[in-house]
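A look at the structure
Spelled out from the first residue to the last, the chains are:
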Amino acid sequence: MAESTKDKIKYKILKALDVSGFTAFDPVIRLAFGEEPQKQVTAIVKYLLIPAAFVLLCFWFWSWIGPRHKTKSGEVPTPDVVWESVQINDTIAEREAVKKSDFLLEGDERKEALEEVRVEYEALDARANALKAAVAEKEKEKAEREATLVAPLDAELDKLKTETRAAGKARDAEIAAISERVAAGEVEATVLIEAIRQDGIATDDERAKQNELKSQIDEIRSHKYKPLELARKEYDSVADKLFFLKTRLEFLDDRNLSVKLAESEAELADYMAELGSATSAKEALKIAKRAVKAEEGIERLQGQSYASAVTIYHQAKRSVFTVFVGFFMAAAVAIPVGIMCGLNKIFMACMTPIISVFKPVSPVVWLLIFQIVVGAFFPDPENNALLNFVNSIPLISSLGINPALVFSACTVAMCAVWPALVNTALGVASIDQDHVNVARVLRLGFWSRLFKIVIPSSLPLVFAGLRISLGVGWMVLIAAEALSSSDGLGKFVWDEYQNGSSLTFANIIMVCFVVGIIGFFLDRMMIILQRFVSFDGGGTSV
């Protein structure tokens, strides 16, 4: 019986899920098309709802354990704090785009934007002052509340200190008396030793009681006063926006490109006018030099672009670019060498010790080696022809290609080359003997056998190796960027670790998710490519 249109659509969607590796959603599609509802609902509960509930449980546990675990950097940020960090980074990126636009605005558009921002700034400034006063009020409330709670403990601590000092003096006097009796031969020396031991025990006990009271006082003082936290948060938000508006005013006024150009051109015009009315050769020379400098300044301004701050999106794009550079370098080496290994056992025997020795080497070692070896090719990076050419390519010029990126890419390539090489060799060596026999019968030449039999037959395993290589490269890249100071997610994490801001911990955890999500989609991409070249209908591991 011919398939209906509904079935065709269903199977196309199921095929797409299968190719992309999202087969867990099969029951949802089948249920939507009315196929065995009870069976699909059971599958949805087992393979979607229960895993989703488990993930939510993990988030709940994270939210519960986070505030209870104190570190040198403060509390472990909870999911909502990490989400706040995501929003802050997104806002930073958005504001950079706005500032860039302000920098390039000119004419009436610039004047209108300047007036609009100025009005908004004045309104927000008044609100910031009001919020600042509210914060001061909440701080006062917190101090009074702490004083009320701490006062009884302070009194108890003072009393305990007084008692401790009196008890200590009494024990010292008793020990002194025992010492005199020991010297007179009235008591044994062991009595004196026992008295000293008991004094030490009593002192430790008294100190422990004092420390316990001090801990209670410290805990009260470190306790967060929620109204104050909320007031500070609101004030910080407004103050942050106020600072942003202030920066916008600068980019729309003094730091605006068109304004600076107009000022420089006006200055040049003044010099030219003065030059025409110069009364002496010395004065004319002096003015002419100023005019030349003004002209040079105008040329520099005309080529000036907005110096954008590095955002998380820029770092992510640079990391993805770097990993693909390293991945393609690895593939360019691994596939030909792997094919040769699979075709020739002697060549494979030659390569085996090299693979066995260098495959386990740490990426940190490779990075240091590449910094020395490859770094020799970039003695003057700013005037290097290759780097200047790459940085002139429109699509990647904004990424700022530099030697550090090259070192990271080489490290990725070196660590990613082995899985692709081994899998390619295995794929070539595992070609069905019938295919080889057919090639012999047809008397195909070497290149015909290579491109018509060997490579097509080994493609599934080649792509399986490339998938592993891309995953390895992505993991290696983060460490390489952190150590080589190459812009990217790795450097972002390292900078956050170094600067120790209030959002450091949350930003690092945020990057964990960013790295994981990008890695997930890279893996999905390789699965799709692998499925397109697989002819055996076998599934891919998830």
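Residues numbered from 1 in each chain as written. Predicted model: local features only at pLDDT ≥ 70, side-chain atom pairs only at ≥ 80, totals over all residues. Heavy atoms only, no water.

An unreviewed UniProt entry annotates the protein chain as ABC transporter permease subunit originating from Pelagicoccus albus. Per UniProt, the protein chain has the following entry under Sequence similarities (unreviewed entry): "Belongs to the binding-protein-dependent transport system permease family." Quoted straight from UniProt, the Subcellular location (unreviewed entry) entry for the protein chain says "Cell membrane". (UniProt positions renumbered as here; feature names shortened; annotations may be inferred.)

**Remarks on a negative patch on the surface**
Together, Asp254, Glu263, Glu267, Asp270, Glu274 and Glu283 make up a region of like negative charge exposed at the surface. Ranked by residues supplied to the negative patch, first place goes to helix H8 (residues 257-276) with 4 residues. In this fold, Glu274 is placed in helix H8. (Patch = residues over 30% accessible without salt bridge, like charges linked within 9 Å, V, L, I, M, F, W, Y side chains within 5 Å. Areas by Shrake-Rupley, 256 points an atom, 1.4 Å probe, with all protein chains shown as cover. Salt bridge = Lys/Arg side-chain N within 4 Å of Asp/Glu carboxyl O. Lys, Arg positive; Asp, Glu negative; His and termini not counted. Charge placed at Lys NZ, Arg CZ, Asp CG, Glu CD. Helix = DSSP H or I, 4+ residues; strand = E, 2+ residues; numbered from the N terminus.)

**A short note on unusual backbone geometry**
Leaving glycine aside, a negative phi is the common case for residues, and trans is the common case for peptide bonds. With a phi close to 40 degrees, Glu36 is a non-glycine residue in the positive phi region. Mapped onto the elements of the fold, Glu36 is located in the loop between helix H2 (26-32) and helix H3 (37-65). Unusually for a residue other than glycine, Arg443 sits at a positive phi of about 55 degrees. In this fold, Arg443 is placed in the loop between helix H15 (433-441) and helix H16 (446-484).

**Examining the packing of aromatic side chains**
Aromatic rings in a pair are described by how distant their centres are and how their planes are angled relative to each other. Scanning all chains against the criterion turns up 18 aromatic pairs. Taking 6.4 Å as the distance between ring centres and 15 degrees as the angle between the ring planes, the aromatic pair formed by Trp60 and Trp64 counts as stacked. Of the two residues, Trp60 and Trp64 are both situated in helix H3; the distance of 4 residues between them amounts to about one turn of the helix. Taking the centre distance of 5.3 Å and the plane angle of 70 degrees together, the rings of Phe251 and Tyr306 count as edge-to-face. Of this pair, Phe251 sits in helix H7 (residues 226-252) while Tyr306 sits in the loop between helix H9 (281-302) and helix H10 (312-343), and the two are 55 residues apart along the sequence. Taking the relative accessible area as the measure of exposure, Phe251 reaches 6% and is therefore buried. Classification of Tyr306 as buried rests on a relative accessible area of 12%. (Phe/Tyr/Trp six-rings, centres within 6.5 Å; stacked < 30°, edge-to-face > 60°. Buried < 20%, exposed > 50% of the residue type's maximum accessible area, 1.4 Å probe, protein only.)

**What about the domain arrangement of the protein chain?**
Looking at the protein chain, the domain boundaries give domain 1 (5-68), domain 2 (107-238), domain 3 (256-303) and domain 4 (312-533). Centre-to-centre, using C-alpha coordinates, domain 2 lies 54 Å away from domain 4. (Domains from an automatic or database assignment.)

**Thoughts on the environment of Val82**
Turning to its location among the elements, Val82 is positioned in helix H4 (residues 79-104). A relative accessible area of 5% means that Val82 is categorised as buried. Measuring from C-alpha to C-alpha, the distance between Val82 and Ile508 comes to 8.9 Å, with 426 residues separating the pair along the chain. Apart from the residues within four sequence positions on either side, Val82 is in contact with Trp62, Pro77, Ala506, Ile509 and Met510. (Contact = heavy atoms within 4.5 Å.)

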